[in-house]
Number of protein chains: 2
Amino acid sequence: MSSSSVVDTCKFENLQVDIEKNDKDVVRSQWVLNAPDPPSPCRVVVDSMRKSFSNFREKISSFSDQSCGTLLLSGLQVVFPIFVWGRNYTVAKFRNDFLAGLTIASLCIPQSIGYATLANLAPQYGLYTSVVPPLIYAVMGTSREIAIGPVAVVSLLLSSMVQKLIDPFTDPIGYTKLIFLATLFAGIFQTAFGLFRLGFLVDFLSHASIVGFVAGAAIVIGLQQLKGLFGITHFTTKTDIISVIKAVWEALHNPWNPRNFILGGSFLAFILTTRFLGKRKKNFFWFASISPLVSVILSTLVVYLTRADKYGVKIVKHVKGGLNPSSIHQLDFNNPHVADVAKIGLIVAVVALTESIAVGRSFASIKGYQLDGNKEMMSIGFTNIIGSLTSCYVATGSFSRTAVNYAAGCESLVSNIVMAVTVLISLQFLTKLLYYTPIAIIASVILSALPGLIDINEAYKIWKVDKLDFLACAGAFFGVLFASVEIGLLVAVVISFAKIILISIRPGTETLGKLPGTDLFCDVYQYPMAIQIPGVMILRIKSPLLCFANASFVRERIIKWVTRDDGSEDDKGNSKSTLYQLVILDTSNLVNIDTSGIASLEELYKCLSSHGKQLAIANPRWQVIHKLKVSNFVSKIGGRVYLTVEEAVAGCKNNQF
Amino acid sequence: MSSSSVVDTCKFENLQVDIEKNDKDVVRSQWVLNAPDPPSPCRVVVDSMRKSFSNFREKISSFSDQSCGTLLLSGLQVVFPIFVWGRNYTVAKFRNDFLAGLTIASLCIPQSIGYATLANLAPQYGLYTSVVPPLIYAVMGTSREIAIGPVAVVSLLLSSMVQKLIDPFTDPIGYTKLIFLATLFAGIFQTAFGLFRLGFLVDFLSHASIVGFVAGAAIVIGLQQLKGLFGITHFTTKTDIISVIKAVWEALHNPWNPRNFILGGSFLAFILTTRFLGKRKKNFFWFASISPLVSVILSTLVVYLTRADKYGVKIVKHVKGGLNPSSIHQLDFNNPHVADVAKIGLIVAVVALTESIAVGRSFASIKGYQLDGNKEMMSIGFTNIIGSLTSCYVATGSFSRTAVNYAAGCESLVSNIVMAVTVLISLQFLTKLLYYTPIAIIASVILSALPGLIDINEAYKIWKVDKLDFLACAGAFFGVLFASVEIGLLVAVVISFAKIILISIRPGTETLGKLPGTDLFCDVYQYPMAIQIPGVMILRIKSPLLCFANASFVRERIIKWVTRDDGSEDDKGNSKSTLYQLVILDTSNLVNIDTSGIASLEELYKCLSSHGKQLAIANPRWQVIHKLKVSNFVSKIGGRVYLTVEEAVAGCKNNQF
């Protein structure tokens, strides 16, 4: 065989390979173009509803196979998980739960009185809320650690919103009625979220904004406690930091009695010291846990023995004893504020669920089990519905008490039952003993729980990872601090969603280059080793959407780039107008496109054509290729749609150059 | 060489290749992990500002190189493009512009009177607005076809918003003052948009919502004309379809005079017939264009000769003649409504710019030149500022007159000057002749322009391509029709942005499979030929963001999928728990991730680990890999981050199986 014929054969073979490769490319391009239609939005909705329904039917039919007895048991087990875990319950477990229950009860009694005061309610309502809700949740809940009862943030939120409708000091009965109504609405909304699987609504408060919101709320709650700590009589009803500091400033510039502060301050120091020691040494843990109760008992004794109330020390005075009374007849749906109260119920429902599910999830993940969000929402919702009928206000999982419950070694929700029974006994027999309890001590107990709510480390982590997330965090924090609790929440939600919009429509394009040794095309800034192909501009749109809000910006940017160098000459004296003969748009990250986006691409194509340049699309996703086909854009650009950038470069070169 | 040694060599070579491939994969994985940090948000903002500033400085310095004379000329040419295109202006071009100018003037005079009535202003203000703004725009504008003057949608919007502040019928002077103030604010906002390059604000009204909004507004405007067409005296000030139809119904059930309707209806039929013929035959075009003016002249003559105004035909009566008076002293900034008026100015500014830029762009793209959005905004803004000082209300580019101007063969903005001069002459000498013009004819002229604003074909196209876009279109349409013009706009903007949020956070995952003959992994539904790899679950998150709003949903979905089959057995009796040993998350389309998203991935990793499964990340984008690195997620998953899905599969298999 002569050497030339060998070369010829080689050439032929190369050609063969080229042709085969081209054929393959054409076939793959057809894969893109002939993809089945994606399901339409209506279809998606219908399918998802049908799926939910068939799941439901499956469950029902799995029940119907069983006998009547097992059926009843299965039903009970679904609604009341206590029938599941209760069967394996042991005496050893009960010992742990009993201790944990007593521990949280000792923390719960002063906290309940303080939170009720924060919610502008009489002290006994806080105690009532620590009896019925924990009992209901204990039989329905799926978490094992959550301690249910009144919590600081919800108490603050509820009082700050309801007192705008009705003044708690001139009409305490009307105010209390509205609080019960709000509790009922909150419970109904929470149950509905669970039933209709709207758990995602709770996710709308982002982690970052919760961190900021809770920290801001902790400071606001702390500021509210200054009233009790200093024994101030005239205080502001506003919650923002400026009003409160002004009120404290004014009170301290009038003659005031330092006895409240001395008493409260010294016991606050005592509680904080024991907690500090408790964190250092395991042996001190129990002492730290019961130190709030010890403080209450000691200070009450001191006041009783010295009759300090005669010398200006403010005391709790009468706490109505006895079991939770019924409040069915206090729920007045003919109230003129009923629509506003429903709105308040909705906001409180979301905030309460967010706190409870966040705390439940974090301890569940430590113990390694999954929390069913929808089931949790139904349990807490039902808890609050029953609560609203038995003189309770909104209860949810408490950050501080759940942490103590876990640390005290709780095994199951039985610790909640122990706590509820303990509070019940206190209500029945011990309320008279609370008469001389100084208000400053209650304030100290609440103040001592607040530092745990301010998570500076987490805020710093958010700042490090995501500046915009930190903005939501700071917005919520300063909103709560300087405006009001609701404004803080609103700021957080608005910033969070504005961030989503900003990222989704932020216009911009990335230039892609080929990674050496691969067929991959990547951002030349992210991968500095990527090499741009001469004569071909390969672009990727930065945003995931090409829509009305960014389409014309992106179009003008590309046109500017492509036409910028026209007429000028490059280093080697060649006219630069031929610098980019082909523009390839890598649409792999484009999730969707709208009519404005398609119109923009059409204008881009027209403009490029008038400059003698080509446009090709690479790797369009399902929705995008479907819309480009339906709007005839694909046929307008001559079907130049390819599976990969590599194939687009090869395909266009074969067609043209 | 024995056959076994050949096999050994082959094996060895294969191993060699494998090792080399692995080494390469490791190197590429390092490319991903060692990417430079992306610019921080602050950095991006600073850079973009610096760029704008350096562009500006470049322009300034390019000026400073020139002599004083050329510098002045350059400056003039930038501010007044007429100095650029005016130098090539010819007599032939002027002939065309003169004819086009006269044609649009004949349409402009009756339209101006009608639109002024729509804006609850005296007729002369419409004519004033057709004199000064076109002259200013002619020297500053960059479009060649736009016909400037009062337009229907803006007139309606302005009157519907300002009449809420002050009643135009009890205090017409105060009302007119507020209109001038709103015009000034609109002009200032428009100029500011142009100066600060905020052109994207105009894009916030999506194409789809404009189609719906304009169609709805056209119907509302048409309904308002029923007052003139039927000669109704008592009419509603509301603009929604129900109020208007009720008002018309009531008026027609009282004794009414059909002469107005007969006159208006017959001339409306005449105008529509000529337009229909004009579209069919080119010869009729001129006749169609001047038919509104012919109708006005003929009907005025008829009324004057028959004294029909004595028999109940409503006429325009006195139109104040003469040049535009100054309105500087009518701008009252101490007005109590000034903040509201500024808000109205902002809304009107955006709507007016949207109309003008949309119409300008569409004709520019027909003639094949680019319209500078920012320059346009400044020109129209300056036009309105001057307008507000010379008794004009908000002017912008008109859909109907621009189309006529283009069809009449305009060559440049000189046609606007011809139109302005013609209207000026009419104002000076012919206003007395307008005394007997029937109001029904003015209503007919406006009614005849409306069908062009209702674009059913476009609405159908939107429906076909994008159902959610159509929802925005329908929302704007029905909002305008059944509520008010502002509500319609609000609905459109809210739906458009809700759509962006929905698409960005819609949770869901796609299963990927390998396309035969390639290294590519694609959605198995979009590409039915894709083959899933046994033992490996390859997922891509559907949304472009993994953030607070969808992260926990996505996490739970994946965990459910992966753990669903645990414990059960597959067809061949193997335990299915080993079915998926590896989960690969293809993050190529994930534009960003936030702290909630990262927390979610961490929980996913923990859960998978506790089931003895692995997690790997493939092809993360710049922001995503940066945040995963900063939050230590990469080190938590043992650095299992790969450039492609292919390499992730190979890498994980080599490490583990």
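Residue indices follow the written sequence of each chain, beginning from 1 at its first position. Just so you know, chain letters begin at A and ligand numbers begin at 1, following the order they were written in. Two thresholds apply to this predicted model, a pLDDT of at least 70 for residue-level local features and 80 or more for giving and counting side-chain atom pairs, whereas whole-chain, interface and lining totals are computed over all residues.

- Per an unreviewed UniProt entry, chain A goes by Sulfate transporter 2.1-like isoform X1 and derives from Cicer arietinum.
- UniProt positions are given in the numbering used here, feature names are shortened, and annotations may be inferred rather than shown by experiment. In UniProt, chain A has this text filed under Subcellular location (unreviewed entry): "Membrane".
- Chain A has a UniProt comment under Sequence similarities (unreviewed entry) that states "Belongs to the SLC26A/SulP transporter (TC 2.A.53) family."

1. Thoughts on the overall build of chain A
Okay, so step 1: Strands are runs of DSSP state E lasting at least two residues, helices are runs of H or I lasting at least four, and both sets are numbered from the N terminus onward. Each helix and strand counted, chain A has 27 helices and ten strands in total.
Okay, so step 2: In terms of overall dimensions, chain A is more spread out than a globule: its C-alpha atoms have a radius of gyration of 34 Å, far above the 26 Å expected for 657 residues.
Okay, so step 3: Along the three orthogonal principal directions, the C-alpha set of chain A runs to about 120 × 75 × 55 Å.
Okay, so step 4: Each residue is classified by how many other C-beta atoms fall within 10 Å of its C-beta atom, where C-beta atoms are placed from the backbone; a count of 20 or more means buried, 12 or fewer means exposed, and values in between mean partly exposed. Here chain A, with 657 residues, has 48% of them falling under the buried criterion.
Okay, so step 5: Placing C-beta atoms from the backbone, we regard two residues as in contact once those atoms come within 7 Å. A separation of at least 24 residues holds for 80% of the contacts in chain A among residues at least 6 apart in sequence. For the radius of gyration, the atoms used are the C-alpha atoms, and the globule rule reads 2.2 Å times the number of residues raised to 0.38.

2. Looking at unusual backbone geometry
Residue and element names in this part refer to chain B.
Okay, so step 1: One non-glycine residue, lysine 317, lies in positive phi territory at about 65°.
Okay, so step 2: A residue is classified by how many C-beta atoms lie within 10 Å of it, and lysine 317, with 12 of them, is exposed.
Okay, so step 3: At asparagine 619, a residue that is not glycine, the phi angle is positive and equals roughly 50°.
Okay, so step 4: Here asparagine 619 lies in the loop between strand E9 (614-618) and helix H25 (622-630).
Okay, so step 5: Residue classification places asparagine 619 among the buried positions, given that 25 C-beta atoms sit within 10 Å.

3. Quick notes on the pairing of strand E9 (residues 614-618) of chain A
Residue and element names in this part refer to chain A.
Okay, so step 1: Most of E9 sits out of view: five of its five residues are buried.
Okay, so step 2: Note: two strands are recorded as paired if DSSP finds a minimum of 2 bridges between them. Of the strand pairs in this sheet, E9 and strand E10 (residues 641-642) are connected by two bridges, and their pairing is parallel. Following the sheet pairing, alanine 618 is matched in E10 by tyrosine 642.

4. Considerations on the sheet that holds E10(A)
All names here are of chain A.
Okay, so step 1: In spatial order, the strands read E4-E3-E5-E7-E9-E10; together these six strands make up an open sheet with mixed pairing. Single-partner strands in this sheet number two, and they are strand E4 (521-523) and E10.
Okay, so step 2: Bridge count between strand E5 (residues 536-541) and strand E7 (residues 582-586): five bridges; the pairing is parallel. The residue of E7 that forms the bridge with methionine 537 is valine 583.

5. Notes on the relation of the copies chain B and chain A
Okay, so step 1: Superposing copies: least-squares fit, C-alpha atoms only, residues required to have pLDDT of at least 70 in both. Once chain B has been moved 0.0 Å along the axis and rotated by 180°, it coincides with chain A to within an RMSD of 0.1 Å. The two molecules are tied by a two-fold rotation axis, judged by turn and shift. Among all C-alpha atoms of chain B, that of B:Asn589 lies closest to the rotation axis, at 2.2 Å.
Okay, so step 2: A shared interface surface links the copies, since 100% of the contact residues of chain B are contact residues in chain A too.

6. Things to note about the domain arrangement of chain A
Okay, so step 1: Here the limits of each domain have been adopted from an automatic or database domain assignment. Split into domains, chain A comes out as domain 1 (3-35 + 506-568 + 575-656) and domain 2 (83-453).
Okay, so step 2: The centre of domain 1 of chain A, based on its C-alpha atoms, is set 61 Å off from the matching centre of domain 2 of chain A.

7. Notes on the sheet that holds strand E5 (residues 536-541) of chain B
Okay, so step 1: Strand order in the open sheet formed by six strands is E4-E3-E5-E7-E9-E10 (chain B), and the pairing between neighbours is mixed. Among the strands making up the open sheet, the edge pair consists of strand E4 (521-523) and strand E10 (641-642) of chain B.

8. Looking at the confidence of the model for chain A
Any segment with low pLDDT has predicted coordinates that should not be analysed in fine detail.
Residue and element names in this part refer to chain A.
Okay, so step 1: Per-residue confidence for chain A gives a mean pLDDT of 84, with 92% of residues at or over 70.
Okay, so step 2: Confidence of the prediction at every residue is given by pLDDT, a number between 0 and 100. Across residues 1-12 the pLDDT falls below 50, and counting only partners more than four positions away or on other chains, this stretch makes one contact in the model.
Okay, so step 3: Low confidence marks residues 566-577, where pLDDT is under 50. Its contacts with residues over four positions away, or in another chain, come to eleven contacts.

9. Focus: the packing of helix H13 (residues 259-280) of chain A against helix H19 (residues 439-449) of chain A
Residues and elements named next belong to chain A.
Okay, so step 1: Axes here refer to lines fitted to C-alpha atoms; in helices the fit is confined to the stretch in contact. Angles between the N-to-C directions go from 0 to 180 degrees. With their axes 8 Å apart at the nearest point, H13 and H19 run at an angle of 35° to one another. Crossing of H13 over H19 shows right-handed handedness. Touching Asn260, Phe261, Leu263, Gly264, Phe267, Leu268, Ile271, Leu272 and Arg275 of H13 are Ala440, Ile441, Ala443, Ser444, Val445, Leu447 and Ser448, all from H19.
Okay, so step 2: In terms of residue class, the contact of H13 with H19 is made up of eleven nonpolar, four polar and one charged. A crossing counts as left-handed when the near helix is turned anticlockwise from the far one by less than a right angle, and as right-handed when that turn is clockwise. When residues are grouped by polarity, Ala, Val, Leu, Ile, Met, Phe, Trp, Tyr, Cys and Pro land in nonpolar, Asp, Glu, Lys and Arg in charged, and all others, Gly among them, in polar.

10. Quick look at the environment of A:Lys627
Okay, so step 1: Note that A:Lys627 resides in helix H25 (residues 622-630).
Okay, so step 2: When near neighbours in sequence (up to four residues on either side) are disregarded, A:Lys627 contacts A:Ile593, A:Ile598, B:Val465 and B:Asp466.

11. Brief notes about helix H5 (residues 91-118) of chain A
Residue and element names in this part refer to chain A.
Okay, so step 1: If you check H5, its first and last C-alpha atoms are 39 Å apart, about what 28 residues at 1.5 Å a residue would give, namely 40 Å.
Okay, so step 2: Axes are fitted to the seven residues ending at a residue and to the seven starting at it; the angle between these axes is taken as the bend at that residue. Helix geometry: H5 is bent most strongly at cysteine 108, by close to 30°, with proline proline 110 lying one to four residues after it.
Okay, so step 3: The first or second residue beyond H5 is asparagine 120, which carries a positive phi of 60°. Multiply 1.5 Å by the residue count of a helix minus one, and that product is the helix's expected span.

12. Some words on the packing of helix H8 (residues 152-162) of chain A against helix H15 (residues 338-367) of chain A
Residue and element names in this part refer to chain A.
Okay, so step 1: Running from amino to carboxyl end, H8 crosses H15 at an angle of 170°, the nearest separation of the two axes being 10 Å. Classified by the angle between their axes, H8 and H15 sit roughly antiparallel to one another. Of H15, the residues touching H8 (which contributes Val153, Val154, Leu157, Leu158, Met161 and Val162) are Ile344, Val348, Val351, Ala352 and Glu355.
Okay, so step 2: Here the residues of the contact of H8 with H15 sort into ten nonpolar, no polar and one charged. With respect to orientation, any angle under 35 degrees is reported as roughly parallel, any angle over 145 as roughly antiparallel, any angle of 65 to 115 as roughly perpendicular, and every other angle as oblique.

13. Considerations on the pairing of E5(B)
Along any regular strand, the residues point their side chains to alternate faces of the sheet.
All names here are of chain B.
Okay, so step 1: Most of E5 sits out of view: five of its six residues are buried.
Okay, so step 2: When strand E3 (residues 509-514) meets E5, the two strands line up antiparallel, connected through three bridges. Residue pairing across strands places threonine 511 opposite leucine 539, the latter belonging to E5.

14. Focus on the environment of B:Ala599
Okay, so step 1: Inspection of the secondary structure puts B:Ala599 in helix H24 (residues 595-610).
Okay, so step 2: Counting along the chain gives 52 residues from B:Ala599 to B:Cys547, while the straight-line C-alpha distance between them is 9.7 Å.

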